[in-house]
Amino acid sequence: MDGSFANKVIIFLWFIALTFCPSAWVEAGCSKEQNRALLEIRNSTDGLAFDDFDGSHCCHSRHSIWCDKDHGKVTSMVLNIDSMKVPSITWHPNVTLFTLFNELEVLDLSSMNIGGELQAFCELKRLKYLRKLYLGNNRLEGNIPSCLERFEDLDLSHNRLQGHVPSSIFSNQSKITKFKVSGNSLKGVLSFSIFANASNLKLLDLSSNELEVEIESASWLPNFQLGSLNLASCSLNKKNGHVVPTFISTQHLLYLLDFSDTSLEGNIPCQLLFNMNITDLYLSGNKIDGSFLDYSTNETSPIKWLDISDNHIKGSLPKNIGYLLPSLRSIDMSSNALEGNIPQSIGRPPLHLIDLSHNMLSGTMSLTKTSTRLILLDLSNNKLQGQMLPKDANMTMLRALHLSSNNFKGVISPTILNSPNLLILDVRANHLSGNISEW
């Protein structure tokens, strides 16, 4: 083989290596400066962060650190893999250390007992690729700075933040898709118009603050399609009679809606029950009144999880409720003013959880024949009578049965033996007699 041909072969092999194995010529892993930064972060958390990093090759970490396969650069850091392990003392991280990772796209510092001002994390603006920042479940204080506007996913939930929600985060140029600030001490009146131009917004969680959220305004139109909206424990539409927000009808991708404890008033919001996409609907702790589904409809609802407890709903449940809500897995209508019989159709599969306690329901127990998938049944504090369970009861998956404070008579039903997984049985304050099975 002559020299020129051998050179051509070598050049060809290098071409193959550079084309299909770029990591062969790019230095993989962290620089010495980055390795030192990781060790300093680890030491400042008493070894909890990056606990399997030995200081030599960060991309060999089994967890916490993820690297780009092509170039071997750190793109993601998740410090607290085990949520049961939290620093024993308040951690005040040196945020500048994270800015040494130029390719970083995701930074998750949730549940790390971080204290201090949120303003310190403005340093992360230097990282032009950082898109997702998770700081939930810490001890961060102060106001929410506008410097955080450039992130797509921003989780600041369950901290000690105060002040208001800055409108600058949701400007025309905003790329934000998920914004969570639940469980803080944010206050004041918040106009929903600040979100109008956030066209990429998919998830919004303002729950468990001290916010007065005003949505009904002619000055804004939604430019987004939400998938999840949680305003629980906010005062909703106080200036407009606490009405259900009308913009919900424009949200065609919405699957989760939580308006619990928002002071909503008026009749059952059927436009929410029969929205084509909402599967998780939570309306507990409001002033909703009127009868439940008191109108004729041929529509069926996609609702799977429904909580409308602690309201002022009255009247009887419709006999065909099980057919109107065929996908229902859990229903909680406790602490209302429901009357009449319990429709047998409500117990149809795939329903797992039924709570109709603290109402004025009467009649006999009739829904247990078809309730083969029930795990929890709570009918306590009503006016039910007759046998505790009918002879054809077949709740094989039942784990908790609450029938206390009713008017059941006779012996404790032997058909309870058809529920071999039962863990909780409460039949206090009835007129029952007999023995409870030793099993």
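Use the structure listed above.
Residues numbered from 1 in each chain as written. Predicted model: local features only at pLDDT ≥ 70, side-chain atom pairs only at ≥ 80, totals over all residues. Heavy atoms only, no water.

Undergrad: So what's going on with the sheet that holds strand β4 (residues 115–117)? Residues and values would help.
TA: If you trace the 3 strands from one edge of the open sheet to the other, you get β4-β6-β8, paired in parallel fashion. Only two strands of the sheet have a single neighbouring strand rather than two, namely β4 and β8 (160–161). Of the pairings in the sheet, the one linking strand β6 (residues 139–142) to β8 comprises 2 bridges and is parallel in character. Opposite G142, over in β8, you have L161 as the bridge partner. (Pairing = 2+ DSSP bridges. Helix = DSSP H or I, 4+ residues; strand = E, 2+ residues; numbered from the N terminus.)

Undergrad: With reference to specific residues and values, describe the nonpolar core.
TA: Judged by nonpolar contacts, the single largest core of 118 residues is most densely connected at F192, L229 and F292. Only α2 (32–44), β2 (74–78), β12 (210–214), α3 (270–273) and α4 (321–324) provide two or more residues apiece to this core. (Core = buried A, V, L, I, M, F, W, Y, C linked by side-chain atoms within 4.5 Å. Buried < 20%, exposed > 50% of the residue type's maximum accessible area, 1.4 Å probe, protein only.)

Undergrad: Which residues make up the state of the cysteines, and what values do they have?
TA: Simply put, the disulfide is a covalent bond whose two ends are the sulfur atoms of two cysteines. This structure, assessed with the given rule, holds 3 disulfides. Here C30 engages in a disulfide with C58; their sulfurs sit 2.0 Å apart. Its S-S torsion of about 100° marks the bond between C30 and C58 as right-handed, since a negative value means left-handed. Residue C30 is located in the loop between α1 (3–20) and α2, and its partner C58 is located in the loop between α2 and β1 (65–67); the two are separated by 28 residues in the primary sequence. Using a relative accessible area of 0% as the deciding quantity, one classes C58 as buried. (Disulfide = S-S within 2.5 Å.)

Undergrad: Which residues make up the pattern of salt bridges, and what values go with them?
TA: Applying the stated criterion to the full structure yields 5 salt bridges. When the shortest N-O distance is used, the salt bridge between R131 and E152 registers 3.8 Å. Separated by 21 residues along the polypeptide, R131 in the loop between β4 and β5 (132–134) and E152 in the loop between β6 and β7 (153–155) bring together distant segments of the chain. Look at R131 and you get partly exposed, because its relative accessible area is 28%. According to the relative accessible area criterion, E152 is partly exposed, its value standing at 22%. Members of the salt-bridge network, linked through shared partners, are E105, R131 and E152. (Salt bridge = Lys/Arg side-chain N within 4 Å of Asp/Glu carboxyl O.)

Undergrad: Describe the side chain of N406, listing the residues and the values that go with them.
TA: Looking at the secondary structure, you find N406 in the loop between β27 (400–402) and β28 (407–411). A polar side-chain atom of N406 sits 3.0 Å from the main-chain carbonyl oxygen of L379. Contact partners of N406, with chain neighbours within four places excluded, come to L379, S380, N381, N382, K383, L384, A429 and N430. (Polar contact = N/O pair within 3.5 Å; in protein donor to acceptor, adjacent residues only side chain to side chain. Contact = heavy atoms within 4.5 Å.)

Undergrad: Give me the lowdown on the side chain of T177, citing residues and values where you can.
TA: Its location among the elements puts T177 in the loop between β8 and β9 (178–180). Here T177 falls in the buried class, since its relative accessible area comes to 18%. With sequence-adjacent residues up to four places away left out, T177 is seen in contact with E152, D153, N200, L201, K202 and L203.

Undergrad: Pulling in residues and values, what's your account of the packing of aromatic side chains?
TA: All chains considered together, the criterion is met by 8 aromatic pairs. Taken together, a centroid distance of 6.2 Å and an interplanar angle of 85° make the contact between F224 and F247 edge-to-face. Placement of F224 in the loop between β12 and β13 (228–230) and of F247 in the loop between β14 (235–236) and β15 (256–258) is noted, with a sequence separation of 23 residues between them. Here the two residues F224 and F247 agree in accessibility, since each one is buried. An aromatic cluster is built from F170, F179, F192, F195, W220, F224 and F247, whose rings are joined through pairwise contacts. (Phe/Tyr/Trp six-rings, centres within 6.5 Å; stacked < 30°, edge-to-face > 60°.)

Undergrad: Kindly report on the pairing of β6, identifying the contributing residues and their values.
TA: Bridge analysis of β4 against β6 gives 3 bridges, and the strand direction is parallel. In the strand pairing of β6, G115 is matched with R139.

Undergrad: Report on the pairing of strand β24 (residues 360–364), specifying residues and quantitative values.
TA: Along β24, the buried face is formed by L361 and G363; none of M360, S362 and T364, which line the opposite face, is buried. Here strand β22 (residues 337–340) pairs with β24 via 2 bridges, running parallel. By the bridge assignment, E339 is partnered in β24 with M360. Where β24 lies against strand β26 (residues 383–386), 3 bridges are found, and the strand directions are parallel. Across the sheet, residue G363 finds its bridge partner in β26, namely L384.

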